[in-house]
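Chain by chain, the residues run as shown.
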Amino acid sequence: MTIPGIYTTPVARYLERAGLSAMRPKAALVDMDGTLYDSMVNHTAAWHRLISGTGIPCTREEFYLYEGRTGAATIDALFVRGLGRHATDREKEELYRLKTLYFQELPPVDVMAGAPAVMDAFRTFGLRRVLVTGSGQNSLIDRLDADYPGIFSPEMRITSRSVSRGKPDPEPYLKAMELAGVTPSESIVLENAPLGVEAGRRSGAFTIAVTTGPVPAGEMWDAGADIVFPSMPDLAANITLLLTTILQTKL
Ligand code: MG
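Residues numbered from 1 in each chain as written. Predicted model: local features only at pLDDT ≥ 70, side-chain atom pairs only at ≥ 80, totals over all residues. Heavy atoms only, no water.

Caption draft 1: Region of the structure containing the pattern of salt bridges. One pass over the structure, following the stated rule, counts 15 salt bridges. Put simply, arginine 81 and glutamate 62 hold a salt bridge, and the shortest N to O gap is 2.8 Å. Of this pair, arginine 81 sits in helix 4 (residues 71-83) while glutamate 62 sits in helix 3 (residues 62-65), and the two are 19 residues apart along the sequence. Salt-bridge contacts for aspartate 120 lead to arginine 123; the nearest nitrogen and oxygen are separated by 3.2 Å. In this pair, aspartate 120 and arginine 123 are both assigned in helix 6 (residues 115-124), three residues apart and thus about one turn of the helix distant. With relative accessibility at 35%, the residue aspartate 120 sits in the partly exposed group. A relative accessible area of 36% means that arginine 123 is categorised as partly exposed. Sharing partners across several salt bridges, the network here consists of Asp31, Lys167 and Glu191. (Salt bridge = Lys/Arg side-chain N within 4 Å of Asp/Glu carboxyl O. Helix = DSSP H or I, 4+ residues; strand = E, 2+ residues; numbered from the N terminus. Buried < 20%, exposed > 50% of the residue type's maximum accessible area, 1.4 Å probe, protein only.)

Caption draft 2: Examining the pairing of strand 4 (residues 187-191) more closely. Across the five residues of strand 4, five count as buried, placing the element largely inside the fold. Of the two faces of strand 4, both are covered, the one formed by Ser187, Val189 and Glu191 as well as the one formed by Ile188 and Leu190. As paired elements, strand 1 (residues 27-30) and strand 4 share four bridges and run parallel to each other. Opposite leucine 29, over in strand 4, you have valine 189 as the bridge partner. For strand 4 and strand 5 (residues 206-210), the ladder comprises four bridges, and the chain directions are parallel. Within strand 5, the residue paired with valine 189 across the bridge is threonine 207. Tracing the backbone out of strand 4, into helix 10 (residues 194-203) and back to the parallel element strand 5 gives a crossover that is right-handed. (Pairing = 2+ DSSP bridges. Right-handed = clockwise from strand over helix to strand, strands pointing away.)

Caption draft 3: Looking closely at the layout of surface pockets. In this model, the largest pocket occupies a volume close to 160 Å³. Contributing to the lining of the largest pocket are Thr70, Gly71, Ala72, Asp89, Lys92, Glu93, Tyr96 and Ser160. Counting only elements with at least two residues in the lining of the largest pocket, the list comes to helix 4 and helix 5 (89-105). In terms of residue count, helix 5 provides more of the lining of the largest pocket than any other element does, four residues in total. Partitioned by chemical class, the residues of the lining of the largest pocket number two nonpolar, three polar and three charged. (1 Å grid on protein atoms, 1.4 Å probe; cavity = no way out; pocket = protein on both sides within 12 Å on 5 of 7 lines; lining within 4 Å. Points joined across faces, edges and corners; volume = space filled by probe spheres on them. Nonpolar A, V, L, I, M, F, W, Y, C, P; charged D, E, K, R; others polar.)

Caption draft 4: Highlighting empty space enclosed by the protein. Overall, the coordinates contain one cavity of 30 Å³ or more when judged by the stated rule. Here the largest cavity defines a volume of roughly 230 Å³. Around the largest cavity sit 19 residues that line it, and Asp33, Trp47, Glu67, Gly68 and Arg69 are the ones nearest its centre. Looking at the lining of the largest cavity, the elements that each hand over two or more residues are helix 2 (40-53), helix 4 and helix 5. Looking at the lining of the largest cavity, the element that brings in the most residues is helix 2, giving three residues.

Caption draft 5: Quick peek at the side chain of threonine 245. Note that threonine 245 resides in helix 12 (residues 232-248). The exposure class assigned to threonine 245 is buried, which follows from its relative accessible area of 8%. Only 2.6 Å separates the side chain of threonine 245 from the backbone oxygen of leucine 241, close enough to count as a polar contact. Contacts of threonine 245, omitting those with residues within four sequence positions, involve Tyr7, Thr8 and Val11. (Polar contact = N/O pair within 3.5 Å; in protein donor to acceptor, adjacent residues only side chain to side chain. Contact = heavy atoms within 4.5 Å.)

Written out as structure tokens, the structure is:
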């Protein structure tokens, strides 16, 4: 059962923080891995294989926490921790190329259950959609047109190639707002990882977090989420009510 008004408090809290009396959302800025695709199991497997191969000790689980960063930033941070020095540009490039190969060797990933319905709701409410990913993984980016037809036009995509500072820096989301021609308070961010949530929060957008992996909801709240949903199907079931609440709430 859905309780009317259940989302009024988080929306009002956002308005207060943004210094607004009401919100007119015009764009949805959407993360890819772990949000549109159930891809994090494969990504963490590929990262673990890659970094273990360099001799730097690591665990599979830690890679869920780096989600959202660019590949180059993840490699550099692990070099600093494990080898006490930064990775060279050549090492970052070569290792990320290898990580991409390892990822491609794994079975194809599925579309995240519930995500197409959420995208349809964004479209129905007239929101421009922008893809905002730290990934440079073409094997997934190239599938978007087939899996999410008409949702992300080719010029409405921010990837690792579009930014100099990846998440948790707000730059990817700020660039997405520029692409869509909207302001932060006209934007809704959809994320599944703490670093991505932090980027969304710092960009000034209303930030929706969904837990789709092992990272608990508490970490999403700590990262600054305005609201946290326990799964993508749960968000899909409630997105119309949430968007309606966003449109109707006034301070
Ligand atoms: Mg993600």
